[in-house]
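Architecture at a glance
In case you want the letters, here they are:
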Amino acid sequence: MQQRTPSAITRSKESILASNAVLRNTYLLLSLTLLFSAATSGLAMAFNTPPLNPFITLIGYFGLLFATQRVRNSGWGIVLVFALTGFMGYTLGPILNMYIRQFANGSELVMMALGSTGLTFLVLSGYALTTRKDFSFLRSFLFVGLIIGFIASIATLFLHVPMLNVVVSGLFVIISSGMILFQTSEIIHGGETNYIMATITLYVSLYNLFLSLLNLFAMFSGNRD
């Protein structure tokens, strides 16, 4: 029977400690960025800012994402994470105002989506943490799903088909849920060692999950004024 060497055991312990540190820093940064994003969203709602052009939003998002990736190992990475999540929160404000104004139960729909998003994150991340199951097998599925979802979401800007909106929203609920499982698993098993990029992945997953659930709740439970 092959015996493990002390050095192998030490490396294993160091790897576990490193993963725990990444997980701790990710959850701390995620909490702070969510609060900051909520603040910028609230300001956008209070000042009744108009919705940004979807293509401007995409340019801003991908530009900030690329910049963050470039400096992810420096202090500027933290600054750009808050810039990215603050920008995304700002774009969310006009969307929330739209739902609140167009639906008699708009505020209720927003709270339902927010509560469902939080519960989904707690359940999925808790499952990944307690079972420590490796979800790396989802990588290819999520990559393909993101491409399809991105193309389909662009199509909804030109094709005003209600059923297409339902399909796209349902697809993003599945993809976002899968990303939460995948990213948490990657952190636990050492596949993701940069807490800045892990934070961005989880934040974007929560952002997309929230908007997709809100759209589904509005389509099936919304009471238009």
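Look up a bit, the structure's there.
Residues numbered from 1 in each chain as written. Predicted model: local features only at pLDDT ≥ 70, side-chain atom pairs only at ≥ 80, totals over all residues. Heavy atoms only, no water.

1. Some words on the pattern of salt bridges
The full count for this structure, using the stated rule, is one salt bridge. Across the pair glutamate 186 and arginine 139 runs a salt bridge, and its minimum N-O distance is 3.4 Å. With glutamate 186 in helix α6 (residues 162-188) and arginine 139 in helix α5 (residues 139-156), this pair connects stretches of sequence that are 47 residues apart. Residue classification places glutamate 186 among the buried residues on the basis of a relative accessible area of 11%. (Salt bridge = Lys/Arg side-chain N within 4 Å of Asp/Glu carboxyl O. Helix = DSSP H or I, 4+ residues; strand = E, 2+ residues; numbered from the N terminus. Buried < 20%, exposed > 50% of the residue type's maximum accessible area, 1.4 Å probe, protein only.)

2. Concerning the packing of aromatic side chains
Under the criterion given, the structure shown has eight aromatic pairs. Each ring, one from tyrosine 27 and one from phenylalanine 121, has its centre 6.2 Å from the other, and the planes form 70°; the classification is edge-to-face. One end of the pair, tyrosine 27, is in helix α1 (residues 6-46); the other, phenylalanine 121, is in helix α4 (residues 106-131), with 94 residues separating them in the sequence. Judged by its relative accessible area of 23%, tyrosine 27 is partly exposed. Arranged with centres 6.2 Å apart and planes meeting at 55°, the rings of tyrosine 127 and phenylalanine 135 form a pair that is tilted. (Phe/Tyr/Trp six-rings, centres within 6.5 Å; stacked < 30°, edge-to-face > 60°.)

3. Observations regarding helix α7 (residues 195-221)
The end-to-end C-alpha separation of α7 is 37 Å, in line with the 39 Å expected for 27 residues at 1.5 Å each. With 22 of its 27 residues buried, α7 lies for the most part within the structure. For α7, the capping residue at the N-terminal end is asparagine 194, with a side-chain oxygen 3.0 Å from the backbone nitrogen of isoleucine 196. (Expected span 1.5 Å × (residues − 1). Polar contact = N/O pair within 3.5 Å; in protein donor to acceptor, adjacent residues only side chain to side chain.)

4. Quick notes on the packing of helix α3 (residues 75-102) against α4
Viewed as axis vectors pointing N to C, α3 and α4 meet at an angle of 130°, and their least axial separation amounts to 7 Å. Taken together, the axis directions place α3 and α4 in an arrangement best described as oblique. Contact residues: α3 offers Leu96, Tyr99 and Ile100, while α4 offers Gly106, Ser107 and Val110. Within the contact of α3 with α4, the residues separate by chemical class into four nonpolar, two polar and no charged. (Axes fitted to C-alpha atoms, helices over the stretch in contact; angles between N-to-C directions. Parallel < 35°, antiparallel > 145°, perpendicular 65-115°, else oblique. Contact = heavy atoms within 4.5 Å. Nonpolar A, V, L, I, M, F, W, Y, C, P; charged D, E, K, R; others polar.)

5. Some points on the packing of helix α2 (residues 54-70) against α7
The relative placement of two packed helices comes down to the angle between their axes together with the axis-to-axis distance. Two elements in contact, α2 and α7, have axes separated by 10 Å at closest approach and are oriented at 155°. The orientation of α2 relative to α7 falls into the category roughly antiparallel. In this structure, α2 crosses over α7, and the sense of that crossing is left-handed. Packed against α2, whose contacting residues are Tyr61, Leu65, Thr68 and Gln69, the element α7 presents Ile196, Met197, Ile200 and Val204 at the interface. Its residues assigned to classes, the contact of α2 with α7 shows six nonpolar, two polar and no charged. (Left-handed = near helix turned anticlockwise from the far one by under 90°.)

The quantities given are spatial measurements derived from coordinates; they are silent on function.
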